[in-house]
Amino acid sequence: MSYYFAIIGTQDNPLFEYEFGTSKQGGDGQARFSEQARHLNQFVLHSSLDIVEEVQWTNGQLYLKVIDKFFNNYISCFMTGGNVKFLLLHQPTATAAGATRNSTSVGANPTSPQTEEAIKNFFNEVYENYIKAIMSPFHKVNMEIRSPVFRQRVAAAGRKYL
């Protein structure tokens, strides 16, 4: 499965972006998006922001689960208390997309409870690291996160859970 993760600020501006692949079940951690899909990932995530704004008021949870589907791409969302959005676009691999829906593999079924739990754990770990990053006295609201340490920690969370 390929993943595109973005943190979107309160003014719908991107604060952080990271693209990676699955490290579970023999994956090498490399994203397998086609070149055309790579260009569309940002647009797909930003188009789902309207749905996030609708769902956030009906659901009292921070983790909103899968909120949108665009062809074979699923978008999951996590909201912070400060209205910053963590969006994860996940695209099942071609073999996983043809797999049965009863599979417990994280890559085989993007809407299974196991996948939802793995994504929730990923979001929670990234949220903890996000809080640590914005606690810096040099960080301003809606400022892009350029910390290589934060990028490494997001990558480690992706390897650990996804």
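Analysis parameters
- Residues numbered from 1 in each chain as written.
- Predicted model: local features only at pLDDT ≥ 70, side-chain atom pairs only at ≥ 80, totals over all residues.
- Heavy atoms only, no water.
- Phe/Tyr/Trp six-rings, centres within 6.5 Å; stacked < 30°, edge-to-face > 60°.
- Buried < 20%, exposed > 50% of the residue type's maximum accessible area, 1.4 Å probe, protein only.
- pLDDT = per-residue confidence, 0-100.
- Helix = DSSP H or I, 4+ residues; strand = E, 2+ residues; numbered from the N terminus.
- Contact = heavy atoms within 4.5 Å.
- Pairing = 2+ DSSP bridges.
- Core = buried A, V, L, I, M, F, W, Y, C linked by side-chain atoms within 4.5 Å.
- Axes fitted to C-alpha atoms, helices over the stretch in contact; angles between N-to-C directions.

Undergrad: Is there a simple way to explain the packing of aromatic side chains in this structure?
TA: Describing an aromatic ring pair means giving the distance of the ring centres and the angle of the ring planes. All chains considered together, the criterion is met by 16 aromatic pairs. Judged by centre distance (5.9 Å) and plane angle (45 degrees), the rings of Phe-122 and Phe-123 are tilted. Each member of the pair Phe-122 and Phe-123 is classed as buried.

Undergrad: What's the story with the confidence of the model for the chain in this structure? I'm lost.
TA: Close inspection of predicted coordinates is inappropriate in any region flagged by low pLDDT. Taken residue by residue, the chain gives an average pLDDT of 84. The fraction at 70 or more is 83%. Of all secondary-structure elements in the chain, the lowest mean pLDDT belongs to helix 3 (residues 94-97), at 51, while helix 4 (residues 113-134) reaches the highest, 94. Under a pLDDT of 50 for its full length, residues 96-101 has, in the predicted model, nine contacts with residues more than four places off or in other chains.

Undergrad: For this particular structure, what's the right way to read the pairing of strand 4 (residues 73-79)?
TA: Within strand 4, seven of the seven residues are buried, leaving the element largely enclosed by the surrounding structure. Side-chain alternation along strand 4 places Asn-73, Ile-75, Cys-77 and Met-79 on one buried face and Tyr-74, Ser-76 and Phe-78 on a second face that is also buried. The pairing of strand 3 (residues 63-70) with strand 4 spans six bridges and is antiparallel. Among the inter-strand pairings, Lys-69 is bridged to a residue of strand 4, identified as Tyr-74. Between strand 3 and strand 4, which pair antiparallel and follow one another directly, the connecting turn spans two residues, one of which, Phe-71, has a positive phi of 50 degrees.

Undergrad: Explanation requested: the nonpolar core in the structure shown.
TA: When a protein is soluble and globular, its nonpolar side chains tend to lie buried together. Core analysis: the largest hydrophobic core is formed by 25 residues, its most contacted members being Phe-5, Ile-7, Phe-86, Leu-88, Phe-122 and Phe-123. Sorting the residues of this core by element identifies strand 1 (2-8), strand 2 (14-21), strand 5 (85-91), helix 4 and helix 5 (148-161) as the ones contributing at least two each. Residue contributions to this core peak at six residues, all from helix 4. Not counting residues within four places of it along the chain, the set of residues in contact with Phe-123 comprises Phe-5, Tyr-63, Ser-76, Cys-77, Phe-78, Phe-86, Leu-87 and Leu-88. Of all hydrophobic cores here, the second largest spans 14 residues; its members include Leu-49, Ile-75, Met-79 and Leu-89.

Undergrad: Is there a simple way to explain the sheet that holds strand 5 in this structure?
TA: Working definition: the strands of a sheet are paired by backbone hydrogen bonds and lie parallel or antiparallel to each other. The five strands lie next to each other as 2-1-5-4-3, forming an open sheet whose pairing is antiparallel. Of all strands in the sheet, those with a lone pairing partner are strand 2 and strand 3, marking the two edges. Strand-to-strand twist of the sheet, defined as the mean angle between neighbouring strand axes without regard to direction, takes the value 20 degrees. With six bridges connecting them, strand 4 and strand 5 associate as antiparallel partners. Bridged to Phe-78 within strand 5 is Phe-86. Across the sheet, helix 4 is in contact with strand 1, strand 2, strand 3, strand 4 and strand 5; its angle to strand 5 comes to roughly 140 degrees.

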